[in-house]
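Below, each chain spelled out in residue letters.
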There are 2 protein chains.
Amino acid sequence: MRARELASEFPTVTLETDALAAAQLLADRDLPGLIVVDSAGLPDTILPGTQVLRFAVPRYVQDDPKLAAVVDEMSADAFCQALAGTPVRELLPAKARELPVVDGGDTVLEIAALMARTRTPVVAVVEDGRMLGAVTLDALLDRMLPR
Amino acid sequence: MRARELASEFPTVTLETDALAAAQLLADRDLPGLIVVDSAGLPDTILPGTQVLRFAVPRYVQDDPKLAAVVDEMSADAFCQALAGTPVRELLPAKARELPVVDGGDTVLEIAALMARTRTPVVAVVEDGRMLGAVTLDALLDRMLPR
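Residues numbered from 1 in each chain as written. Chains lettered and ligands numbered in written order. Predicted model: local features only at pLDDT ≥ 70, side-chain atom pairs only at ≥ 80, totals over all residues. Heavy atoms only, no water.

1. Some remarks on the relation of the copies chain B and chain A
- Least-squares fitting of chain B to chain A yields an RMSD of 0.0 Å, with the transformation described by 0.0 Å of translation along the axis and a rotation of 180 degrees. Both chain copies can therefore be described as sitting about a two-fold axis. Looking at the rotation axis and the C-alpha trace of chain B, the residue lying nearest is Pro32 of chain B, at 3.7 Å.
- A shared interface surface links the copies, since 100% of the contact residues of chain B are contact residues in chain A too. (Least-squares fit on C-alpha atoms with pLDDT ≥ 70 in both. Contact = heavy atoms within 4.5 Å.)

Have a look at this one:
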């Protein structure tokens, strides 16, 4: 079993994707993060889901969590307003997280070793200059465990 | 909307749970991690899914990823043997990850601020000395985004 056979479609965004659309993709697909691809469609980095919150939650609340209890409710309107019109580029952490990439011919053990070392539950699969999809920790465990 | 209304059932393990059972729970439920509860059933820490791989992938392969390409295939038998009979206690990282905990009465904004600050996509909800469940990033985004 090689990476190309384990790879499945995984939602991607670009640096220009609207942050609200990215948040909706995260919610719809129940994902811990999204793969950010460059203009050639190749994997560039990962947008962790919690990073969307870092952008949408007012700065003063993050600096002083006690304020969050006072501001009774975060309105859905305010949340969407903070995200709509903002490109994914602005949501990425200053030090972008490394997105592990494997070759289509890599083995299950290579993928597992890479996930273990980088502590990342998803790796992108690239072959012949094209992204085939991604292998998730879940897909890897499904492959390794008895049913 | 308060944490107690957003909380849903979330799979837990104890320090004594067999690692193979924990891996199966991760795979079946497509989760990034499991909540580890203490003997009173209260949330203690989180077992990241990738930590299971750190334990199951032979040490020499993690130290030298090139070896993973040589060892052609990790057999499912070897994988399961590495996990079966090992308690979750031994899988936890030396520096266990902080599991964010909120009170049942905490607001959506408090949960969002905590997830943003700790960069953790799941928080446990505790009320009256009992764990009610957990709120995931996904549940929080579902609540905040227009349908």
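There's plenty left to go through after this.
2. Brief notes about the packing of helix α9 (residues 137-144) of chain A against helix α2 (residues 19-29) of chain B
- Where α9 of chain A meets α2 of chain B, the closest approach of the two axes is 8 Å, and the angle between their N-to-C directions is 125 degrees. It follows that α9 of chain A is oblique to α2 of chain B by the angle criterion. Once α9 of chain A is placed against α2 of chain B, the crossing between them reads as left-handed. Contact with α9 of chain A, carried on its side by Asp138, Leu141 and Asp142 of chain A, involves Ala23, Leu26 and Ala27 of chain B of α2 of chain B and no other residues of that element.
- Split into classes, the residues belonging to the contact of α9 of chain A with α2 of chain B amount to four nonpolar, no polar and two charged. (Axes fitted to C-alpha atoms, helices over the stretch in contact; angles between N-to-C directions. Helix = DSSP H or I, 4+ residues; strand = E, 2+ residues; numbered from the N terminus. Parallel < 35°, antiparallel > 145°, perpendicular 65-115°, else oblique. Left-handed = near helix turned anticlockwise from the far one by under 90°. Nonpolar A, V, L, I, M, F, W, Y, C, P; charged D, E, K, R; others polar.)

3. Topic: the sheet that holds strand β5 (residues 122-127) of chain A
All names here are of chain A.
- Here we have three strands laid out as an open sheet, ordered β4-β5-β6, and mixed in their pairing. Here the strands that pair on one side only, and so sit at the sheet edges, are β4 (101-103) and β6 (130-136). With strand direction ignored, the average angle separating the axes of adjacent strands in the sheet is 35 degrees.
- In the sheet, β4 pairs with β5 via three bridges, with the strands oriented parallel. Each bridged residue has a counterpart across the sheet, and for Asp103 the counterpart in β5 is Val126.
- Helix-sheet contacts for helix α8 (residues 108-118) involve β4, β5 and β6, and the interaxial angle to β5 is about 135 degrees. (Pairing = 2+ DSSP bridges.)

4. Quick notes on helix α8 (residues 108-118) of chain B
Residue and element names in this part refer to chain B.
- Where burial is concerned, most of α8 is hidden: ten out of the eleven residues are buried.
- Within the span of α8, buried status applies to Val108, Leu109, Glu110, Ile111, Ala112, Ala113, Leu114, Met115, Ala116 and Thr118.
- The positive-phi residue at the C-terminal boundary of α8 is Arg119, with phi of around 55 degrees. (Buried < 20%, exposed > 50% of the residue type's maximum accessible area, 1.4 Å probe, protein only.)

5. Some words on the interface of chain B and chain A
- Facing 51 residues of chain B, the contacting portion of chain A comprises 51 residues.
- Each partner contributes to the roughly 4,500 Å² buried at the junction of chain B and chain A, and carbon and sulfur atoms together form 66% of this total.
- Linking chain B with chain A are zero salt bridges.
- Inspection of the chain B/chain A interface yields four residue pairs in polar contact (both at pLDDT 80 or more).
- For the side of chain B that touches chain A, the elements supplying multiple residues, two or more each, are α2, α3 (49-56), α4 (59-63), α5 (66-70), α6 (76-83), α8 and α9 (137-144) of chain B.
- Top contributing element to the side of chain B that touches chain A by residue count: α8 of chain B, with eight residues. (Buried area = accessible area lost by both parts, 1.4 Å probe. Salt bridge = Lys/Arg side-chain N within 4 Å of Asp/Glu carboxyl O. Polar contact = N/O pair within 3.5 Å; in protein donor to acceptor, adjacent residues only side chain to side chain.)

6. A look at the sheet that holds strand β1 (residues 12-13) of chain B
All names here are of chain B.
- Strand order in the open sheet made by the three strands is β1-β2-β3, with mixed pairing throughout. The open sheet is flanked by β1 and β3 (43-48), the only strands paired with a single partner.
- Direction of pairing for strand β2 (residues 33-37) relative to β3: antiparallel, over a ladder of five bridges. Along β3, the bridge assignment pairs Ile35 with Ile46.

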